[in-house]
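As a plain string of letters, each chain reads:
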Amino acid sequence: MSLLRLVGRPMLASMFVAGGLNSLRDPKAVAPVAEPVVQPVTERVEALPDRTEQVVRLNGAVQVAAGVLLGMGRVPRVAALAIAGTLVPTTLAGHRFWQAEDPSEREQQLIHFLKNLSMLGGLLIAADDTAGHPSLWWRGRHTAHDLRREAHLVRRSVRATAGPAAAAGRLRAKLPA
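A brief report on the enclosed structure follows. As the structure is a computational prediction, the values presented were derived from the model and not from experiment. (Residues numbered from 1 in each chain as written. Predicted model: local features only at pLDDT ≥ 70, side-chain atom pairs only at ≥ 80, totals over all residues. Heavy atoms only, no water.)

Digging into the nonpolar core
Grouped together as the largest cluster of nonpolar side chains are 15 residues, with contacts concentrated most on Leu12, Phe16, Leu70, Ala80, Ile83, Leu87 and Leu123. Elements with a minimum of two residues in this core: helix H1 (3-25), helix H3 (52-72), helix H4 (76-94) and helix H5 (103-128). Beyond its immediate stretch of four places on either side in the chain, Ala80 contacts Leu70, Leu123, Ala126 and Ala127. Listed in part, the six residues of the second largest apolar core include Val38, Val55, Val56 and Ala93. (Core = buried A, V, L, I, M, F, W, Y, C linked by side-chain atoms within 4.5 Å. Buried < 20%, exposed > 50% of the residue type's maximum accessible area, 1.4 Å probe, protein only. Helix = DSSP H or I, 4+ residues; strand = E, 2+ residues; numbered from the N terminus. Contact = heavy atoms within 4.5 Å.)

So, the pattern of salt bridges
A complete count under the given rule lists five salt bridges for this structure. Between Glu53 and Arg51 there is a salt bridge whose closest N-O contact spans 3.5 Å. The class of Glu53 is partly exposed, set by a relative accessible area of 22%. Linking Glu150 and Arg149 is a salt bridge whose minimum nitrogen-to-oxygen distance equals 4.0 Å. Residue class for Glu150 comes out partly exposed when judged on its relative accessible area of 42%. A relative accessible area of 42% means that Arg149 is categorised as partly exposed. When salt bridges that share partners are traced, they join Arg5, Arg9 and Asp129 into one network. (Salt bridge = Lys/Arg side-chain N within 4 Å of Asp/Glu carboxyl O.)

The analysis is restricted to geometry; functional conclusions fall outside its scope.
So this is what it looks like as structure tokens:
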């Protein structure tokens, strides 16, 4: 693992572990802000709990678990995608700069919105980072190509040996036993 990945992944994950722990410990502090985003989502996704506090806790748990995994370098691509999935509703719920009436409050919310947007970009880059190894898509494509080539070689080999073998069999059948 490169030094940049070794240092960068925990740095990126730290914000989500800390924020997720806060959501797990005190979901009631975040629930009123999250309500406008959580309710439409829970109406469409039946697997989610009905209470906003439970959804906030679930969101926090995913952030903590995926943040720890990302920081440790375990399944970092999946962990980065999981965190990215939690960051979108968190940003939409927590940083509604377009609704702020006070100009200084609007500016602060815009700064936090853009900060989250940049972290989302970092997470998407981390989700695409294969750490110098070929991706599963690339490996699958090349394995399929290799299998097709091997099958073609086997078919040519069988055809090349089948003719002489059949001729030898016919000749042997004609010989007296």
